[in-house]
Each structure stands twice: as C-alpha cells, then as structure tokens.
Amino acid sequence: GSGKTRVLTQRIVNLIEEGHAFPGEILALTFTNKAAKEMRERVRNALEKMSPDIADEIVLSTFHSAGVKWLRRYGMAIGIPANFSIYDDQDQTTLVKECLKEMGLSDEELSPKFILENFDRLKNEGMNPSEHNFLEIRYPAHREKLKGVAQLFEKRKANAGALDFGDLLLKTYELLEKAPQVKEHMQKTYTYIMVDEYQDTNAVQYKILKLLSDAHQNLFVVGDEDQSIYRWRGADIRNIREFEKDYPTAKIYKLEQNYRSTQNILDVANSVIRHNAQRREKTLFTQASEGSLVEQHTFGTDFEEARWVAKTISSLIREGAAPSDIAILYRGHSLSRLFEDS
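Residues numbered from 1 in each chain as written. Predicted model: local features only at pLDDT ≥ 70, side-chain atom pairs only at ≥ 80, totals over all residues. Heavy atoms only, no water.

### Observations concerning the overall build of the protein
Here is the rule we go by: The helix and strand labels rest on DSSP assignments: H or I over at least four residues marks a helix, E over at least two residues marks a strand, and numbering proceeds from the N terminus. Burial classes follow relative accessibility: with a 1.4 Å probe on protein chains only, a residue under 20% of its type's maximum area counts as buried, one over 50% as exposed, and anything between as partly exposed. The contact criterion used is simple: two residues touch if any of their non-hydrogen atoms lie within 4.5 Å. Per-residue and other accessible areas follow the Shrake-Rupley method at a 1.4 Å probe size, with only the shown protein chains counted as cover for residues. Counting rule applied: Lys, Arg positive; Asp, Glu negative; His and chain ends not counted. Working definition for charges: the position is that of NZ of Lys, CZ of Arg, CG of Asp or CD of Glu.
Along the backbone of the protein there are 14 helices and 6 strands. Dimensions along the principal axes, computed over C-alpha positions, put the protein at roughly 65 × 60 × 40 Å. Relative to its 342 residues, the protein shows a buried fraction of 41%. In the protein, the share of contacts with a sequence separation of at least 24, taken over all contacts with a separation of at least 6, comes to 75%. Of the accessible surface of the protein, which amounts to about 19800 Å², a share of 50% is contributed by carbon and sulfur atoms. Within the protein, one finds 47 positive and 52 negative side-chain charges whose respective centroids are separated by 3 Å.

### What about unusual backbone geometry?
Positioned with a positive phi, glutamate 197 is a non-glycine residue whose angle comes to about 50 degrees. Looking at the element boundaries, glutamate 197 is found in the loop between β5 (192-195) and α9 (203-213). Residue classification places glutamate 197 among the partly exposed positions, given a relative accessible area of 23%. You will see that glutamine 217, though not glycine, has its phi angle at about 55 degrees, which is positive. Mapped onto the elements, glutamine 217 comes out in the loop between α9 and β6 (219-221).

### Description of the environment of glycine 161
By the element assignment, glycine 161 lies in the loop between α6 (143-159) and β4 (162-164). When the C-alpha atoms of glycine 161 and serine 85 are compared, they prove to be 6.5 Å apart, with 76 residues separating the residues in sequence. In this view, glycine 161 contacts Pro81, Phe84 and Ser85; residues no more than four positions away in its chain are not counted.

Below, the structure written as structure tokens:
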C-alpha cells in the first residue's frame, strides 16, 4: 500500500511522454496476469491522449508470457519449434507415469507429484532435471532409474514439440545463454527493463534479468523484502537483499508512506517486521486516521477460537454490520472447517 506499482507505471509514462524511450524499448515484467492487466490499463489511461494504441507497443506481461513470446520468435536458435505446445499439469502427470512404466517403475511406489515438483524446483533454479541427481534423498535405491525418468521425460517432450510451464523460464534462460546473437538483439531492443514485486523473483528469473540488462545496466525494480512469501515456489529473497551488491551503482528509494491502512495497523506491522533478519530499516506511516486498535486474542484450543469468532460475527451482525463487510483469513484450507461449522 505504499505505491510501488504506481511508481513503476508512472515511470513508464514519464519515459514515453518526455521522449526518453520509445514504447517498444520498454520491458515491464510482473508475476500474475491480473497484475499485468492492471498495469497495462494504468499506462493506457495515462497515455491515451498521445495515442490510444501506444500502450500495446510496450512489452508489459508476466515472466512466463514474455518467455512464450521470445521462444516462439527465437527458440529455433536452440532447437525449439515456433509452434511448440505447452503441457499442463495433467499432460505432465500422464507423461511422467508413462516414463516410470517404461523404466520398470511403479507410479504407486514413486510419486509422480513429488517427481514433477522436483522437476519444477530445479527449473526455477535454472537447472535441467535430466542433468542433476535430485531424487536420491527420498528414493536412494532408484537413483539411476530416476535420472533415466528425467531424461526420458525431457526427450519425450522434445519429440512432441512441447514445453511445460517450468520450461518457459528455463528455456528462455538457455536461449539467452546459448544464443549470443539473440541475447545481443534483445539487449538492444529492451533498453529499459522494469520488474514489479521483485522480492518474488526466483533464481532463473534473476538469471534472465541479469543477461538482459548486462549490456546497459538499466534495471529498475520495485519490491519489499518484508513481503516475500513465495519461497515455497522458488522465490529467492537474496535477489532483493543483494541488489546493491549485484548492481553497485544502484540508487535506492524508500517508499514508507502507506495509503491503504490506518496508523494503528501500521504500528502493529512495524513492530512485527522489525524482527525480520537482514532487512532494510523502514518505518511505515500514514496521513490517514489512527483508526481502531488492533485486538489480539489467544485461545486454548482451535475449537474455542472458532466459537469466539462465530459469536463475535453474530454480535456484529445484530449491531447492524453487513455480513459482506466481514472476513475471516486463514493460512490453509484445512483450517476452514471449524469456522464453517461454528
């Protein structure tokens, strides 16, 4: 709520309005289609007076969508056909089961889900599963056969002219690494590179950005290490913590004014995140009101907690609150049952 995305979109607008960059020279990357769509709308609305279509010339998309575009255009340089198909989760599960069967292994004995999660983890780190022994920790007796499964899995996909979701980033990295003429062309094309939610980047995304920006060192990122919550899907917080080490001439701008929350909520947030290790010191503040005090309640059991929440909601509604104004947030779907029952 401190305007990080607005800073990025406004910078795009300024670069074009002030004549520093043509729209096609700007590459802006984010993590979800929803975020990319929202950013594009903001830029389009701001630039509409110049031209209604100017925003469409900017590459403003998710990392994966950009990867698809680049691989279709330049992928033949590393043997990827322009008309490749993209395997979804079901396609991958079917294929890995076929590979296990061909290697004389049972999908009941060896979990296809676990295998695919490990494939994805390695690809997020910029590594090819067929070249690394990663499954021996859980399945030491099948080490060599499992490496064979990985090699067969990648070979079958290649023969079918297909990529999976993890390949969209891994193969983009390999394209930039192994096809210098493509890398140089893209470096000359995208002279302004920007990334939203940089704390959520993983190792392979970092490597892609490094290769794209090496020539001009013109990389602009927004993010907050205190909001890094996607380690489970490969996000590496070191990318934002060590940004100045990787780019020694970088300038850091702190956005400490919050436009979303009341001061009491920010005081609680500040007191909690102050304990995070290896973080940049910052103190969130707002010009909004202090607002209601934040309450914390502790219970002996999860049943007591759910009953208290239900009674509190009941009281609020009797006092005139609209049910649609009330939210219960929980960490995992398994925790919702008690609240629903109560």
